[in-house]
Amino acid sequence: MTRLGFTRAVLRGEEGRLLAAALLGALALASAAALTATGGALISRAAQRPDTLFTLTFLITGVRALGLGRAALRYVERLLAHDFTFRTLARARTRVYAALVPRGRRLGVQVGAVTHTAHADVDALQNATLRAALPLLAYLLLTAALALAVARLSVPLALGVLGLLLLAGVLAPLAACAPLARLARERAHARAALTAALTDTLHASAETATPQDFSALERTLERADARDNALLAVLTFARESAAAAALLLTLVTVGGAVLSGALPGAWLAAAALGVVTAFDAAAPLAGVPGALADAAGADGRLHALTTAPIGTAAPPRPTRVPDRPDLHLDGVRVRHGDQLVVQDFSLHVPHGRAVALVGPSGAGKTTLARLLVRDLDPDAGAVRWGGVDARHLDPHELHARAALMEQDAPLLSGTLRANLRLADRALPDERLRALLNDLGLAHFDLDGWVGEGGARLSGGERARVALARALLKPSDVLILDEPTAHLDPPAEALALRVIERERQGRTLIIITHRPGPLALVDDVLPVGVLPAGGTSPPAPAPTAPSPAALALTPEAPHGRP
Ligand SMILES: Nc1ncnc2c1ncn2[C@@H]1O[C@H](COP(=O)(O)OP(=O)(O)OP(=O)(O)O)[C@@H](O)[C@H]1O
């Protein structure tokens, strides 16, 4: 893993803004310290009842100027810091979304948890900039400036104050980094597990939902928070002790100089108050290690997410998809993890032909469909569209030229119209309504909400909406995975009539366990389950109602050369 790879990619070109905000932050802190120092000097000098008012006037003007200047500096610093943060935040989110989309399927059932964690991680990075990097940079600049200023009074005092400021604001928080990082990891895991458990419970159907024990995860979070607070208390104690030591050192050194007459009395209050105020600037730094620890973990996860290989990456110079393409699978092999799912399978579907892939559950039919639309690349062999290897084609064009109705195809949470127009945004309502009528869904309202994943529709209704969406997509190739599995015989008959009509001029590939759809196809291609040994006879086809249905067999039966 590249160290802070994601952060560096997001910050590229924004370093100037970050430095400018830190510089203004340091100036605002310095003017706060100078304000209290000048105020202290003013009160001390006034208590001495000077004969001339010149010094007092000078100090009063200084207090006013520093008070106004500090507010103005703080305001501009906030503007710059927030501008910087929002720019980088938008950049980070865009990178994450762009990475999530092509990897979404591979995230599997944890998609909710991964999305939630990615959001939290981007927020952690933003927090690290706003609450860690900027205050830390500003504090370091202030420390350097204060040490230089104090060195004019006494070099040993300057070195002492510098050491104590670094101890309070940098060294003590640094020492807490490792335990805070461990706590941050624990919290991130517990939060991800909690989100995953919650998402699973919410998605589970009523009868399978078992009450999950969230309390154990909540307790882990509580324990981490309690230890976090204990560490912060130790840091606060270290900071206050360092401030007290610096104050003592200042009083002794500057007090000695005042008593010996080397310095005017007003310097004592000015130096003591200025030094103590500088330590106040270390207070926000207690959150730095936690924010940095959160951010380091977040960066690692986001870097891994955004650089994880996409199984089906786009070629650098894609070829256009040929017109009226024949489809070929040439000796393809697919593994899902350790499981060999497809072995040396070949298939040729001329353009415009209709074929059915049939075979037992788990034989790999859906996997073959995913290969054809390049949702997956084979581990060996090739998928060709019009003779061109699909890996060389423009993936967007390829997806546009194929319509795939997935098994249990999910609907998006939105209106029926929005779901159907995923096929083609320009489709007029009349066309949508006509197709729904033909599929027996005349009673459906295009403005009706389908619910999350289509939860407000029955299984059969959902399947017909998904079928309509696939049929409406203007494509060369139509792949339907179990298009009638959820339908009763009258609804299936209607669906088959519509498929027959709508598929004209396109290549049709149907995956089915039912005999009905076989009436639509020219060829039935059996796909058998691959045994451990790697060879098996082709699966028997379901009873075929049409003699044409069995006209062709696959070039090589699935996995059995
Ligand atoms: N993303 C995946 N990760 C791991 N294994 C997978 C994945 N997708 C499919 N498989 C496995 O690959 C095998 C073939 O799955 P596939 O969905 O292609 O079968 P199928 O023939 O379409 O089955 P069905 O008729 O039940 O839909 C199965 O054993 C399945 O468990």
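Residues numbered from 1 in each chain as written. Predicted model: local features only at pLDDT ≥ 70, side-chain atom pairs only at ≥ 80, totals over all residues.

By size, the foremost hydrophobic cluster in this structure holds 79 residues, and its most contacted members are Leu-29, Leu-142 and Val-161. Ignoring anything within four residues of it in the chain, the contact list for Leu-29 reads Ala-138, Leu-142 and Ala-281. (Core = buried A, V, L, I, M, F, W, Y, C linked by C-beta atoms within 7 Å. Buried ≥ 20, exposed ≤ 12 C-beta atoms within 10 Å, placed from the backbone. Contact = placed C-beta atoms within 7 Å.)

Once that is clear, we can look at the sheet that holds strand β1 (residues 327–336). Strand order across the open sheet formed by four strands is β2-β1-β4-β5, with antiparallel pairing between neighbours. Of all the strands in the sheet, just β2 (339–349) and β5 (388–389) have a single pairing partner and so form its edges. Across five bridges, the pairing between β1 and strand β4 (residues 380–385) is antiparallel. The residue bridging Arg-333 from the neighbouring strand is Ala-380, located in β4. (Pairing = 2+ DSSP bridges. Helix = DSSP H or I, 4+ residues; strand = E, 2+ residues; numbered from the N terminus.)

Helical geometry note: an α-helix holds 3.6 residues per turn, so side chains three or four residues apart project in the same direction. Given a rise of 1.5 Å per residue, 15 residues ought to cover 21 Å, and the 22 Å separating the end C-alpha atoms of helix α8 (residues 266–280) matches this to within 8%. Along α8, 13 of the 15 residues are buried, which leaves the element largely enclosed by surrounding structure. (Expected span 1.5 Å × (residues − 1).)

In this structure's numbering, the residues bearing the UniProt feature "transmembrane region" (unreviewed entry) are residues 52–73, 132–151, 157–181 and 245–270. Split by type, residues 245–270 is 77% helix and 0% strand. Its first and last C-alpha atoms lie 17 Å apart. (UniProt positions renumbered as here; feature names shortened; annotations may be inferred.)

This part covers unusual backbone geometry. The phi angle at Arg-324 is positive, at roughly 40°, despite the residue not being glycine. With respect to the helices and strands, the residue Arg-324 is situated in the loop between α9 (288–307) and β1.

Quick look at the environment of Asp-326 now. Relative to the helices and strands, Asp-326 resides in the loop between α9 and β1. Taking C-alpha positions, Asp-326 is 4.8 Å from Gly-386, a pair spaced 60 residues apart along the chain. Dropping the residues within four chain positions of it, Asp-326 is found in contact with His-348, Val-349, Pro-350, His-351 and Gly-386.

Quick look at the pairing of β1 now. Two elements, β1 and β2, share seven bridges in a ladder whose sense is antiparallel. Paired with Leu-329 across the strands is Leu-347, a residue of β2. Connecting β1 to the next strand, β2, in antiparallel fashion are two residues, including Gly-337 with a positive phi near 65°.

Attention shifts here to the environment of Thr-306. Along the chain, Thr-306 falls in helix α9. With 207 residues separating them along the chain, Thr-306 and Ala-99 place their C-alpha atoms 5.1 Å apart. If we ignore the near neighbours within four places in the chain, the residues touching Thr-306 are Phe-6, Arg-95, Val-96 and Ala-99.

This part covers the pairing of strand β3 (residues 354–358). The buried fraction of β3 amounts to five of the five residues, a majority that puts the element mostly inside the structure. Of the pairings in the sheet, the one linking β3 to strand β8 (residues 507–511) comprises four bridges and is parallel in character. When the sheet's bridge partners are listed, Leu-357 is paired in β8 with Ile-511. Here four bridges tie β3 to strand β9 (residues 523–526), and the two strands are oriented parallel to one another. If you follow Val-358 over to β9, its bridge partner there is Pro-526.

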